[in-house]
Amino acid sequence: MAHAKTGRSLPVPNVQALAQTWNGSTEEVPERFVRTEEVCAEEVVAGCALPVVDLGRLLDPRTSEEEIANLGSACQQWGFFQLINHGVPDELILDVRRDIAEFFKLPLEAKKAYAQLPESGLEGYGQAFVFSETQKLDWSDMIYLMLRPKESRDMRFWPAQPPSFRSTVDRYSAEAARVVSCLLRFMAADMGLEQPESLFQVFRGQPQTMKVTYYPPCTQAGKVLGLSPHTDACGLTLLLHVNDVHGLQMRTDDGKWLAVEPLDGAFIVNIGDILEILSNGRYRSAEHRVVVHPNKERIAAAMFHQVCPDTTVGPLPEVAKGDAGPRFKSVSHSDFMKRFFSTKLDGRRSHLDHYRI
Ligand code: OGA
Ligand code: NI
């Protein structure tokens, strides 16, 4: 799909390899990673739980209505929630965690067999969003894969090590798509859509990409950022903690950062820019970032649920009508993604606000 190809980034050092040597030394963090001011400038609130949404209760006709209201308020007020009783088998989650962790344990040369290529853009093993030699760098590496529709898969980038990686990711992709289509159905109900198809149409074919991010430990963790503040450009993101190390923070209304500590086995779900636009601003695409741990690696797998590439991204007419008009401009999906991938991640002002009316 065109959008991943526009995400080309300049080559930067492999952070996992750098951290392996640097963490044992007494040297200062390399200058390109130092962002002490940014990390320390804003207050971090610990231990405040995100809303919990129960998919079992959404699906049960006896509790559905109540849980839809709960889902709606999480999407409107937070843009982030934890999803429990999602029905993805525990055994599959264990396989995903194991296979992804195994991949990052491979020697650098073996991982590089799946490296991003000049013509592939974002897809493959490497980094995203690096556009200048002077830009500050995130303390992480990632692998980005197109998962759905299946024809979009480019197996050159899919690790063949560990041997079960591909089949595990294939199974997980189907489960994540199932969960997301359930959630969209209940979101349509929360928005009061008489024509829910108008929402499903935008997501038809269920385009899905996966970005797995590896955050090495950093003995001077307070000086670096694992992932710069941003909002997700997609419709809906499903995030799985591959290991139990926390680090994700979401920005609250008063500008503080809230440390996200997921319940065991829960997915973190967040609204992306496109769903904020489709819902005419009722749902929020909240800004988030990742901080790193001083002595533990962190791995997280984000499944981005995108919209059909030939869609026009704009408020759903039915929602906009009820709100006395659209609050966002409409734009073709390809222009929307082009703009997203060509701007360095620097919080929500850089992208979503561009389309606000
Ligand atoms: C992302 C993201 C969060 C994490 O990849 O867009 O926000 O915890 N990841 O890695
Ligand atoms: Ni994100």
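Scoring rules and cut-offs
Residues numbered from 1 in each chain as written. Chains lettered and ligands numbered in written order. Predicted model: local features only at pLDDT ≥ 70, side-chain atom pairs only at ≥ 80, totals over all residues. Heavy atoms only, no water. UniProt positions renumbered as here; feature names shortened; annotations may be inferred. Pairing = 2+ DSSP bridges. Helix = DSSP H or I, 4+ residues; strand = E, 2+ residues; numbered from the N terminus. Buried < 20%, exposed > 50% of the residue type's maximum accessible area, 1.4 Å probe, protein only. Near = heavy atom within 4 Å. Polar contact = N/O pair within 3.5 Å; in protein donor to acceptor, adjacent residues only side chain to side chain. Areas by Shrake-Rupley, 256 points an atom, 1.4 Å probe, with all protein chains shown as cover. Nonpolar A, V, L, I, M, F, W, Y, C, P; charged D, E, K, R; others polar. Phe/Tyr/Trp six-rings, centres within 6.5 Å; stacked < 30°, edge-to-face > 60°. Axes fitted to C-alpha atoms, helices over the stretch in contact; angles between N-to-C directions. Parallel < 35°, antiparallel > 145°, perpendicular 65-115°, else oblique. Left-handed = near helix turned anticlockwise from the far one by under 90°. Contact = heavy atoms within 4.5 Å. Disulfide = S-S within 2.5 Å. Donors = N, O, S within 2.8 Å, 3.2 Å for Na, K, Ca; no water. Arc of directions from axis to C-beta.

The name given to the chain in an unreviewed UniProt entry is Fe2OG dioxygenase domain-containing protein, and the organism recorded there is Eragrostis curvula. Check the Sequence similarities (unreviewed entry) section of the UniProt entry for the chain; it says "Belongs to the iron/ascorbate-dependent oxidoreductase family."

### Points about the sheet that holds strand S9 (residues 248-251)
Across the sheet, five strands lie side by side as S1-S10-S9-S12-S7; this open sheet has mixed pairing. Edge positions in the open sheet fall to strand S1 (44-45) and strand S7 (227-230), since each of these has one partner strand only.

### With respect to the pairing of strand S5 (residues 141-148)
With eight of its eight residues buried, S5 lies for the most part within the structure. Judged from the three bridges that link them, strand S4 (residues 124-126) and S5 form a sheet pairing that is antiparallel. For Gly126, the partnering residue across the bridge sits in S5 and is Met142. By the bridge criterion, seven bridges tie S5 to strand S6 (residues 208-215) in an arrangement that is antiparallel. Note on S6: the bridge partner recorded for Arg148 is Gln208.

### Some points on the site of ligand 1
Looking at ligand 1, the residues that line it are Lys211, Tyr215, Leu227, His230, Asp232, Leu239, Leu248, His288, Val290, Arg298, Ala300 and Phe304. Within the side chain of His288, a nitrogen or oxygen atom sits 3.0 Å from an oxygen atom of ligand 1. Relative to its unbound accessible surface of 290 Å², ligand 1 loses 96% to contact with the protein. Among the secondary structure elements, those contributing two or more residues to the shell around ligand 1 are S6, S7, strand S12 (288-290) and strand S13 (298-305). A total of three residues in the shell around ligand 1 trace back to one element, the largest contributor, which is S13. Residues of the shell around ligand 1, tallied by class, amount to seven nonpolar, two polar and three charged.

### Here we look at the packing of aromatic side chains
Here the structure, examined in full by the defined rule, presents 10 aromatic pairs. For the ring pair Phe104 and Tyr214, a centre distance of 5.1 Å and an interplane angle of 25° mean the geometry is stacked. Placement of Phe104 in helix H6 (residues 90-105) and of Tyr214 in strand S6 is noted, with a sequence separation of 110 residues between them. Each member of the pair, Phe104 together with Tyr214, is buried. An aromatic cluster is present here, built from Phe103, Phe104, Tyr114, Tyr125, Phe165 and Tyr214 joined pairwise through their rings.

### Concerning the packing of H6 against helix H8 (residues 165-190)
At a minimum axis distance of 9 Å, the contact between H6 and H8 shows a crossing angle of 135°. One finds that H6 runs oblique with respect to H8. The two elements H6 and H8 cross, and the hand of that crossing is left-handed. Taking contact as the criterion, the partners of Glu91, Leu92, Asp95, Val96, Asp99, Ile100 and Phe103 in H6 are, on H8, Phe165, Thr168, Arg171, Tyr172 and Glu175. Of the residues contributing to the contact of H6 with H8, the split by class is six nonpolar, one polar and five charged.

### Here's the deal with the state of the cysteines
Enumeration according to the criterion identifies zero disulfides in this entry. Free cysteine Cys75: the closest other cysteine sulfur is in Cys234, separated by 13 Å. For the unlinked cysteine Cys182, the closest cysteine sulfur is that of Cys75, found at 14 Å.

### What about the pairing of strand S11 (residues 267-271)?
With five of five residues buried, S11 is to be regarded as a mostly interior element. The sheet contact formed by strand S8 (residues 236-241) and S11 spans four bridges and is antiparallel. Each residue of the ladder has a partner; that of Thr237, found in S11, is Asn270.

### Regarding the coordination of the nickel ion (ligand 2)
For the nickel ion (ligand 2), the full set of protein donor atoms is His230 (NE2), Asp232 (OD) and His288 (NE2), at a range of 2.1 Å. A residue is classified by how much of its surface remains accessible, and His230, at 7% relative accessible area, is buried.

### Focus: unusual backbone geometry
With an omega of -5°, the peptide bond between Arg148 and Pro149 qualifies as cis. Note that Pro149 resides in the loop between S5 and H8. In this structure, Pro162 follows Gln161 across a cis peptide bond, with omega equal to -10°. Located in the positive-phi region is Gln206, a residue other than glycine, with phi close to 45°.

### Quick notes on helix H2 (residues 15-22)
Buried within H2 we find Val15, Gln16, Ala19 and Trp22. An end-on view of H2 places all buried positions within 135° of arc, on one side of the element. For H2, the exposed residues set more than 90 degrees away from the buried face come down to Gln20 and Thr21. The opening residue of H2 is Asn14, an N-cap whose side-chain oxygen sits 3.3 Å from the backbone nitrogen of Gln16.

### A word on the side chain of Ser64
Mapping Ser64 onto the fold places it in helix H5 (residues 64-77). A residue is classified by how much of its surface remains accessible, and Ser64, at 12% relative accessible area, is buried. For Ser64, the contacting residues outside a window of four places in its chain are Arg57, Leu58 and Phe186.

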